[in-house]
Amino acid sequence: MLVIGPNGESLGKMNRFAALKKAEEYDLDLLCVAPNANPPVCKIINYGKYRFEAQKKAKEAKKNQKIIEIKEIQLTPQIGEHDIQTKVKAAIRFLQDGNKIKVGVRFRGRQLTHVEVGEDVLNKFIDYVKDYSVIEKAPSLDGKWLTCTLASKIKK
């Protein structure tokens, strides 16, 4: 294996026992950084410090990531114009926060025989929020629900 010293200098090729002995001389640990390389590359480092730094980086990365939520908005085929405008305002607020929206039109009883009414409502809703969203999943009928997913154009 190829061994790298604690200061980054190459100590050359050694067998495992010689590398462990060299690490012991420095009072440090031997860490294999590239096990699949030919020959494998190992580095003499303070493993406790290495682990602490790795945990710190992982914590920082987790803190900086944005979790995208999927908000759900439910409509009905006979929804009034003012009600749909209220739902549109909520949807725009969700989209501006960078979230995705799952819009669903629920059919009850005999409403299922006139799916085109629900499609018109859904298309009208999509048209209202088209400046803020992109269609991620096209409208599809799933049982008694006509659903589609919209993703935000704004990246936060």
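For the structure given in this document, a descriptive report is provided here. Everything quoted here is computed from the prediction, not taken from an experiment.

### Notes on the pattern of salt bridges
By the definition in use, this model includes six salt bridges. The closest approach of N and O atoms between Lys63 and Glu60, which form a salt bridge, is 3.7 Å. Of the two residues, Lys63 and Glu60 both sit in helix α2 (residues 47-64), three residues apart, roughly one turn of that helix. Under the relative-accessibility criterion, Lys63 is labelled exposed at 61%. Of the charged contacts, one joins Glu136 and Lys100 as a salt bridge, the two residues approaching to 3.1 Å between their closest N and O atoms.

### Some words on the packing of aromatic side chains
The description of two aromatic rings rests on the distance between their centres and on the angle between their planes. Scanning the entire structure with this criterion turns up one aromatic pair. A centroid spacing of 6.0 Å and a plane angle of 35 degrees characterise the contact between Tyr47 and Tyr50, whose relative ring orientation is tilted. One end of the pair is Tyr47 and the other is Tyr50, both in helix α2 and three residues apart, which spans about a single turn. Since its relative accessible area comes to 43%, Tyr50 is described here as partly exposed. Over the ring of Phe94 we find Arg93, and its NZ or CZ is 5.6 Å from the ring centre.

### Observations concerning the environment of Val134
Relative to the helices and strands, Val134 resides in strand β7 (residues 133-142). Sequence-wise, Val134 and Leu31 are 103 residues apart; in three dimensions their C-alpha atoms are separated by 47 Å. With near-sequence residues (within four places) excluded, Val134 lies in contact with Thr149, Leu150, Ala151, Ser152 and Lys153.

### Regarding the state of the cysteines
A covalent bond between the sulfur atoms of two cysteines is referred to as a disulfide. Here the structure, examined in full by the defined rule, presents zero disulfides. With no disulfide of its own, Cys42 lies closest to Cys32 among cysteine sulfurs, the gap being 3.6 Å. Exposure remark for Cys42: the relative accessible area of 4% places this residue in the buried category.

Calculation rules
- Residues numbered from 1 in each chain as written.
- Predicted model: local features only at pLDDT ≥ 70, side-chain atom pairs only at ≥ 80, totals over all residues.
- Heavy atoms only, no water.
- Salt bridge = Lys/Arg side-chain N within 4 Å of Asp/Glu carboxyl O.
- Helix = DSSP H or I, 4+ residues; strand = E, 2+ residues; numbered from the N terminus.
- Buried < 20%, exposed > 50% of the residue type's maximum accessible area, 1.4 Å probe, protein only.
- Phe/Tyr/Trp six-rings, centres within 6.5 Å; stacked < 30°, edge-to-face > 60°.
- Lys NZ or Arg CZ within 6 Å of the ring centre and 35° of its normal.
- Contact = heavy atoms within 4.5 Å.
- Disulfide = S-S within 2.5 Å.

By themselves these figures say nothing about function.
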